[in-house]
Amino acid sequence: QVQLVESGGGSVQPGESLRLSCTASGYSYCMAWFRQVPGMEREGVARMFTGGGGELYADSVKGRFTISQDHVKNTLYLQMNSLKPEDTAIYYCAADFRDSCRIRFPSDFRSWGQGTQVTVSS
């Protein structure tokens, strides 16, 4: 069972950038980032396969966010540029050993981090 720990959240102004990190233990075939506003449904943000490829982004972040990984550090990243107030949410790292990992379906992911808060405001 994989263990995930997120970090890198914080408060920024619109147009600024943040990089989230997710340190993983154990094997995962697929890793992703989700976000959630308290009381709202969880939203898939980005996904990739740990073996390479499979990058997929929500339309709302396409062109602004980039998912990547560092195999040596066993860490997943989410580079968030041109942040908007509507990006404000708790961001979660997720992983699964299966290849059926769809960001529209949080239930596809068996392992989750504790979440890190991202706040974008003027």
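Residues numbered from 1 in each chain as written. Predicted model: local features only at pLDDT ≥ 70, side-chain atom pairs only at ≥ 80, totals over all residues. Heavy atoms only, no water.

*Asks:* Whenever I open this one, the state of the cysteines confuses me. Can you help?
*Replies:* Throughout this description, disulfide means a covalent bond between two cysteine sulfur atoms. The final tally for this structure, using the stated rule, is two disulfides. Across the disulfide, C22 is cross-linked to C93 (sulfur-sulfur distance 2.1 Å). Around the S-S axis, the bridge from C22 to C93 shows a dihedral of about -75° and counts as left-handed. One end of the pair, C22, is in strand β3 (residues 18-25); the other, C93, is in strand β9 (residues 89-96), and 71 residues separate them in sequence. Given the relative accessible area of 0%, C22 is considered buried. For C93, a relative accessible area of 0% corresponds to the buried category. Note on cysteine connectivity: C30 is disulfide-linked to C101, with sulfurs 2.1 Å apart. (Disulfide = S-S within 2.5 Å. Helix = DSSP H or I, 4+ residues; strand = E, 2+ residues; numbered from the N terminus. Buried < 20%, exposed > 50% of the residue type's maximum accessible area, 1.4 Å probe, protein only.)

*Asks:* Can you walk me through the nonpolar core in this structure?
*Replies:* Nonpolar side chains in soluble globular proteins tend to end up buried together. Counting 27 residues, the largest nonpolar core has W33, L78, M80 and Y91 as the members making the most contacts within it. Those elements that provide at least two residues to this core are β3, β4 (30-36), β5 (43-49), β7 (65-70), β8 (75-80), β9 and β11 (116-120). In this structure, L78 is in contact with L18, R19, L20, W33, V45, A46, F65, T66, I67 and Y91, ignoring residues within four places of it in sequence. In this structure, F34, F49, A94 and C101 belong to the second largest nonpolar core, which totals eight residues. (Core = buried A, V, L, I, M, F, W, Y, C linked by side-chain atoms within 4.5 Å. Contact = heavy atoms within 4.5 Å.)

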